[in-house]
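One-letter residues, chain by chain:
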Amino acid sequence: MKLALLSDIHANLQALQACLDHAKKHGANRFAFLGDLVGYGGNPSEVMNLVMSHATQGAWVLKGNHDDMAVHPPLNPVSMGSSTASWTHGQLSNEQFTFLQQLPLTISHEHLFLVHASAHNPEKWRYVDNERAAAQCLSAAQEKQPQTKHVLVGHVHHQSLYY
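This is a predicted model, so every value here is computed, not measured.

Conventions we followed
Residues numbered from 1 in each chain as written. Predicted model: local features only at pLDDT ≥ 70, side-chain atom pairs only at ≥ 80, totals over all residues. Heavy atoms only, no water. Pairing = 2+ DSSP bridges. Helix = DSSP H or I, 4+ residues; strand = E, 2+ residues; numbered from the N terminus. Buried < 20%, exposed > 50% of the residue type's maximum accessible area, 1.4 Å probe, protein only. Contact = heavy atoms within 4.5 Å. Polar contact = N/O pair within 3.5 Å; in protein donor to acceptor, adjacent residues only side chain to side chain. Core = buried A, V, L, I, M, F, W, Y, C linked by side-chain atoms within 4.5 Å. Expected span 1.5 Å × (residues − 1). Right-handed = clockwise from strand over helix to strand, strands pointing away. Axes fitted to C-alpha atoms, helices over the stretch in contact; angles between N-to-C directions. Parallel < 35°, antiparallel > 145°, perpendicular 65-115°, else oblique. Left-handed = near helix turned anticlockwise from the far one by under 90°. Nonpolar A, V, L, I, M, F, W, Y, C, P; charged D, E, K, R; others polar.

Participant: Would you mind going over the sheet that holds strand 3 (residues 60–61) with me for this structure?
Facilitator: Adjacent strands of a sheet form backbone hydrogen bonds with each other and so pair up, either parallel or antiparallel. The strand order across the open sheet formed by three strands is 1-2-3, and the pairing between neighbours is parallel. With one partner strand each, in any of the chains shown, strand 1 (3–6) and strand 3 form the two edges of the open sheet. The sheet contact formed by strand 1 and strand 2 (residues 30–33) spans four bridges and is parallel. Bridging from a neighbouring strand, Leu-5 pairs with Ala-32 of strand 2.

What follows is the structure in structure tokens.
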């Protein structure tokens, strides 16, 4: 299995299409979307259609904090991300809304544990951006799934390419 990890798409259709094309060109035969499919960007509906299509073909898809905000827009936005949540919410079809609403916070597969933010209380959307947070994340994942060897996390907006 050659797994392509895509995270924090934030409704950027052109970037998603470029990343999917790149992954396929390099032999990816499995896809995992680690959350934040929507938020900020201008194409939430189109991104959702593309991700939902991949999900029907077996892709793993997780809920991120911006996906959650699009489902439950805050009444009093305090950031750019939360202020775009209401607009995003209004762009989604009922099917897309339901899809986002039902996404899991974590997925386990063999030795992999996938999560948008930290596996330690994933619903709190904590960043894994230092050694201590990474150790806490791994420990929490292994408590939930003892055979976990690798935790795959998004949320921090640090791009990486591995072949």
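So that's the structure; there's more coming.
Participant: Whenever I open this one, the environment of His-120 confuses me. Can you help?
Facilitator: Tracing the chain through its elements places His-120 in the loop between strand 5 (112–115) and helix 6 (131–144). Accessibility expressed as a relative area gives 26% for His-120, which makes it partly exposed. The sequence separation of His-120 and Met-48 amounts to 72 residues, and the corresponding C-alpha distance is 27 Å. Ignoring any residue separated from it by four or fewer positions in sequence, one finds His-120 in contact with Arg-126, Gln-136 and Ala-140. Reaching out from His-120, the side chain makes a polar contact with the side chain of Arg-126 at a distance of 3.1 Å.

Participant: Would you mind going over the nonpolar core with me for this structure?
Facilitator: The tendency in soluble globular proteins is for nonpolar side chains to be buried side by side. Core analysis: the biggest nonpolar cluster contains 24 residues, and Leu-16, Phe-31, Phe-33, Leu-37, Met-48, Val-51 and Leu-100 have the highest contact counts within it. For this core, the secondary structure elements donating two or more residues are strand 1, helix 1 (13–25), strand 2, helix 2 (44–56), helix 3 (65–71) and helix 5 (94–101). Non-local contacts of Phe-31, meaning those with residues more than four positions away in its chain, are made with Leu-3, Ala-4, Leu-6, Leu-20, Ala-23, Lys-24, His-54, Ala-59 and Trp-60. Among the nonpolar cores identified, the runner-up in size contains eight residues, and Ala-32, Trp-60, Ile-107 and Leu-112 belong to it.

Participant: I tried to follow unusual backbone geometry on my own but got confused; where do I start?
Facilitator: Only a minority of non-glycine residues have a phi that is not negative, and only a minority of peptide bonds are not trans. The phi angle at Asn-121 is positive, at roughly 55 degrees, despite the residue not being glycine. Mapped onto the fold, Asn-121 is located in the loop between strand 5 and helix 6. Here the phi dihedral of Trp-125 falls at roughly 60 degrees; this positive angle occurs in a residue that is not glycine. On the secondary structure map, Trp-125 appears in the loop between strand 5 and helix 6.

Participant: How should helix 6 be read in this particular structure?
Facilitator: One turn of an α-helix holds 3.6 residues; hence residues three or four places apart share an orientation. Between its first and last C-alpha atoms helix 6 spans 20 Å; for 14 residues at 1.5 Å apiece the expected length is 20 Å, and the two agree. Those residues of helix 6 hidden inside the fold are in contact with strand 5 and strand 6 (150–153).

Participant: Would you take a moment to explain the pairing of strand 1 for this structure?
Facilitator: It is a general feature of regular strands that their side chains alternate between the two faces of the sheet. Burial along strand 1 is one-sided: Ala-4 and Leu-6 are buried, and none of Leu-3 and Leu-5, which face the opposite way, are. Chirality of the crossover, the property in question, places the unit of strand 1, helix 1 and strand 2 among those that are right-handed.

Participant: Honestly, the sheet that holds strand 4 (residues 106–109) in this entry has me stumped. Any pointers?
Facilitator: Read from one edge of the open sheet, three strands run 4-5-6, paired in mixed fashion. The open sheet has two edge strands with one neighbour each: strand 4 and strand 6. When the angles between neighbouring strand axes are averaged without regard to direction, this sheet yields 15 degrees. Note that strand 4 and strand 5 share four bridges and pair antiparallel. Looking at strand 5, one finds that His-109 is bridged to Leu-112. Sitting on the sheet, helix 6 is in contact with strand 5 and strand 6, with an inclination near 115 degrees to strand 6.

Participant: Is there a simple way to think about the packing of helix 2 against helix 5 in this case?
Facilitator: Each pair of packed helices gets described by two things: the angle between the helix axes and the distance between those axes. Following both chains from N to C, one finds helix 2 and helix 5 inclined at 60 degrees, their axes separated by 10 Å at the closest point. Between helix 2 and helix 5, the interaxial angle falls into the category oblique. Relative to helix 5, helix 2 is oriented so that their crossing is left-handed. Counting all contacts with helix 2, which are made through Ser-45, Met-48, Asn-49, Val-51, Met-52 and Ala-55, the residues of helix 5 involved are Glu-95, Gln-96, Phe-99 and Leu-100. Residues belonging to the contact of helix 2 with helix 5 are distributed by class as follows: six nonpolar, three polar and one charged.

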